[in-house]
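One letter stands for each residue in the lines below.
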Amino acid sequence: MKTTQIYPVDAQAPDAELIARAAEVIRRGGLVAFPTETVYGLGANALDAQAVRGIFLAKERPAYDPLIVHLDRAEALPQVARAIPPVAWELATHFWPGPLTLVLPRHPQIPLEVTAGGETVAVRVPAHPVAQALIRAAGVPIAAPSANRFGRVSPTRASDVWADLAGRIDLILDGGPTQVGVESTVLSLVSTPPLLLRPGGVSREALAALIGPVQLLERPVPIGERAAAPGTLLQHYAPRAQVILYRGEAPTLYATLQAEAQRWTEEGRRVGLLIAREDAEPLRSAPAVLGIAGSLADLEEVARHLFATLRALDEAGVQVILARDFGEAGLGLAIRDRLTRAAAGHVVEVTPPD
Ligand code: TXA
Ligand code: MG
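The shown structure was predicted, so the numbers you read here are calculated from the model rather than taken from an experiment.

Parameters at a glance
- Residues numbered from 1 in each chain as written.
- Chains lettered and ligands numbered in written order.
- Predicted model: local features only at pLDDT ≥ 70, side-chain atom pairs only at ≥ 80, totals over all residues.
- Heavy atoms only, no water.
- Helix = DSSP H or I, 4+ residues; strand = E, 2+ residues; numbered from the N terminus.
- Polar contact = N/O pair within 3.5 Å; in protein donor to acceptor, adjacent residues only side chain to side chain.
- Contact = heavy atoms within 4.5 Å.
- Domains from an automatic or database assignment.
- Buried area = accessible area lost by both parts, 1.4 Å probe.
- Axes fitted to C-alpha atoms, helices over the stretch in contact; angles between N-to-C directions.
- Parallel < 35°, antiparallel > 145°, perpendicular 65-115°, else oblique.
- Left-handed = near helix turned anticlockwise from the far one by under 90°.

Please clarify how the side chain of Arg324 should be interpreted in this entry.
Structurally, Arg324 can be placed in strand E15 (residues 320-324). Within the local environment of Arg324, its side chain forms a polar contact with the side chain of Asp279, the two groups lying 2.8 Å apart. The residues touching Arg324, leaving out its near neighbours within four places in the chain, are Leu245, Tyr246, Leu253, Tyr254, Leu274, Ile275, Ala276, Asp279, Leu296 and Leu339.

Put into structure tokens, the structure is as follows:
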């Protein structure tokens, strides 16, 4: 058991003394959870194999799932990756700091613990002032997965980190709720054309507008099977409740959600609906706890609140979560990916009766 300390930190203007203390914990091989613009990360010195092993222990993360290395600026990229192609610099110039992770050949000074034994390394420059200040003060690249127990929903608030990792890590910097709410987009530049391993905070359309077509990963791999490519496990980001994802249009979508909520309730289950604000009125008589992630017209809002809404439904004690799909435009693709993973592939296509 470790004693976990939690300190509030100003998200815009982090206190230099507190950051210096957190950086010292990192340099001494400790574990610090900190806010990024996407989700909270669990950081350790990326150059210290022993410290990195501590991340896997605290999260109960299998050693075959590699970590993202965080830098405070793009110019540091040659310290962690090699054979960096021009397209990487183009992407870095355009999207860093920000929610884009690039997979590149590993620099030999990055321990194999970080890359899960692989010859590639995932790298990003986060935009959050606290993350930036911490990396700069530590003076080393920081390896950081999302600060949740493996397989659980990623943390968008310090209280989520506390719930999963208290007693297992040294320090939590509480910078309030994160802005983007879903994790970074992971793009592999070791394949041609670039391969989108995980949709996230930077949309596929935005990437394609800059560098042309990106390849989409076919199908995530069910949990229990070792994925050929890291990051492709199907069940991940799961709340405790069983999740079922519904794809289709109103009014058939509403009729289906209503009928399914009714059916599960009759079977004695507590039901939650993960829906948009616009769905609340048409579904007002469904026997379910409503989890409203945001507006259909504002997918940034939906992404920001997605994980907290899943956690809230868990806390409300529901056993089944019926979730609506939010399309595939912009952040919709990342939202669909997280909900599909939470549902472990249990996706229902809703089609109107003909
Ligand atoms: O927004 C984010 O990316 C957050 C914040 C903290 O930066 N981090 C995050 O880390 O989501 P994590 O570990 O939860 O997810 C990293 C993903 C995993 O799916 C992992 O398999 C993939 O990136 N990944 C890491 N290194 C890789 C590599 N060398 N090749 C392919 N995928 C890799
Ligand atoms: Mg994660």
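I tried to follow the domain arrangement of the chain on my own but got confused; where do I start?
Accessible area lost on assembly of the parts is the figure often given for the size of an interface. The domain boundaries assigned to the chain delineate domain 1 (5-216) and domain 2 (242-349). Centre-to-centre, using C-alpha coordinates, domain 1 lies 29 Å away from domain 2. With 27 residues of domain 1 in contact, the opposing surface of domain 2 contributes 18 residues. Taking both sides of the interface into account, the surface hidden between domain 1 and domain 2 amounts to around 1600 Å²; carbon and sulfur atoms contribute 53%.

Hey, could you run me through the packing of helix H3 (residues 86-95) against helix H7 (residues 204-211) in this one?
The geometry of H3 relative to H7 is characterised by a closest axis approach of 11 Å and an angle of 125 degrees between their N-to-C directions. Accordingly, the angle class assigned to the pair H3 and H7 is oblique. Considering only the axes of H3 and H7, their crossing is right-handed. Mapping the contact onto sequence places Val87, Glu90, Leu91, His94 and Phe95 in H3 and Ala206, Leu207, Leu210 and Ile211 in H7.

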